[in-house]
Every structure is written in C-alpha cells, then in structure tokens.
Amino acid sequence: MNVKNKYLLADEIEKSFGKKVSDIKKEWKVGGVHYNGGSWGGRDEAVGYEPEIEPEDPILFIELLEYLKPNMTFLQFKKIESEGIWNCRVYEDATGEFHAEKTLDLVRLLESIEKHCL
C-alpha cells in the first residue's frame, strides 16, 4: 500500500471510528530546572522540579486498537507499541517547565498492524 492510500485509509478509519484520532496523545512534565526572574540582587533563582512518569496509553488508543484489530494478542500489541507509532516532542511552557507530548501517528500504527497482525 502506498503512502497516499495509507493517508486515505487513515481518514476513513477516523470517520468510521467516530472519534478524533488526532486527539490521542500523552503529555507529562519531564523535569528539570526553570528560573524565576527578578530575585534579590538581579539574579534569576533556579527552581528544580521532578519529572512525572510517562502516563499509560490513553483509553481512546486502546479503543482504536480494539476497533482495528479486535483479536490482537498481547504479544502483537507489545510489538506494535515498540514500533515508534508515537510522534514525540518536548517543549517549554510559559513558566519554564519542560513537557513531553506524544501524539499517535495513525499511518505508522496501520503499517505496524499490517506488519505484525496480518
């Protein structure tokens, strides 16, 4: 299946699934140090914060997998999960804290299902 067809299939799946697949994401604080400006003496004050643990897969992701492949085995799921089906980005918010965000890449998910389940 070529890339164009996979994007068309992804659009069809999103329509028939009835939920916005592009909303499937995980987000958490990755920890680090941010600086509070304007402290005494004109120096910024460093404030550390602990990282949060990466959250579990969203229930919407699990529902999508059940919709796409209801008889998927646990081993198939683990293989798919290890395939890089999430787009990851790290960003700094307005307070200076760093966050990680993973959004589902439906085309990569479909490729992985095709590879491990069909």
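One numbering rule holds for all chains: residues counted from 1, following each sequence as written. For this predicted model, a pLDDT threshold of at least 70 governs which residues receive local features, and a threshold of 80 or more governs which side-chain atom pairs are given and counted, while totals over whole chains, interfaces and linings are taken from all residues. Just so you know, side-chain values use all the structure's heavy atoms and leave hydrogens and water out.

### Here we look at the packing of aromatic side chains
- Note on ring pairs: Phe, Tyr and Trp rings are taken, using the six-membered ring of Trp, and paired if centres are within 6.5 Å. Classes follow the plane angle, with under 30 degrees stacked, over 60 edge-to-face and the rest tilted. This structure, assessed with the given rule, holds 3 aromatic pairs.
- Pairing F61 with W86 gives two aromatic rings, centres 5.2 Å apart and planes at 55°, and the pair type is tilted. Pair noted here: F61 is in helix 2 (residues 59–68) and W86 is in strand 4 (residues 86–92), with a separation of 25 residues, a long-range link.
- Per-residue accessibility, obtained with a 1.4 Å probe over protein chains only, is compared with the maximum for each type, and a residue is labelled buried under 20%, exposed over 50%, and partly exposed between these values. Judged by its relative accessible area of 11%, W86 is buried.
- Summarising the aromatic geometry, the rings of F74 and F77 are spaced 6.5 Å apart at their centres and angled 40° between planes, so their arrangement reads as tilted. You can see F74 and its partner F77 sitting in helix 3 (residues 74–81), 3 residues apart, about one turn around the helix. Counting from the N terminus, the helices are the DSSP runs of H or I reaching at least four residues and the strands are the DSSP runs of E reaching at least two.

### A short note on the confidence of the model for the protein
- For the protein, per-residue confidence averages 82 on the pLDDT scale, and 82% of positions sit at 70 or higher.
- Every residue gets a pLDDT, meaning the predictor's confidence in that residue, from 0 to 100. Of all the helices and strands in the protein, strand 2 (residues 32–36) carries the lowest mean pLDDT, 64, while helix 3 carries the highest, 92.

### Points about the packing of helix 3 against helix 4 (residues 106–117)
- For helices, the axis comes from a line fit to the C-alpha atoms of the stretch in contact; other axes are also lines fit to C-alpha atoms, and the angle between any two N-to-C directions lies between 0 and 180 degrees. At a minimum axis separation of 9 Å, helix 3 and helix 4 run at an interaxial angle of 140°. Comparing their axes, helix 4 and helix 3 come out oblique. Of the two elements, helix 3 crosses helix 4, and the hand of that crossing is right-handed. Of helix 4, the residues touching helix 3 (which contributes Q76, K79 and I80) are L109, S112, I113, H116 and C117.
- Side-chain classes follow a simple rule in which Ala, Val, Leu, Ile, Met, Phe, Trp, Tyr, Cys and Pro form the nonpolar group, Asp, Glu, Lys and Arg form the charged group, and the remainder, Gly included, forms the polar group. In terms of residue class, the contact of helix 3 with helix 4 is made up of 4 nonpolar, 3 polar and 1 charged. Put simply, angles under 35 degrees are roughly parallel, angles over 145 are roughly antiparallel, angles from 65 to 115 are roughly perpendicular, and the rest are oblique. Crossings are sorted by hand: turned counterclockwise from the far helix by less than a right angle, the near helix makes the crossing left-handed, and turned clockwise it makes it right-handed. Here, two residues are considered to be in contact whenever any of their heavy atoms come within 4.5 Å of each other.

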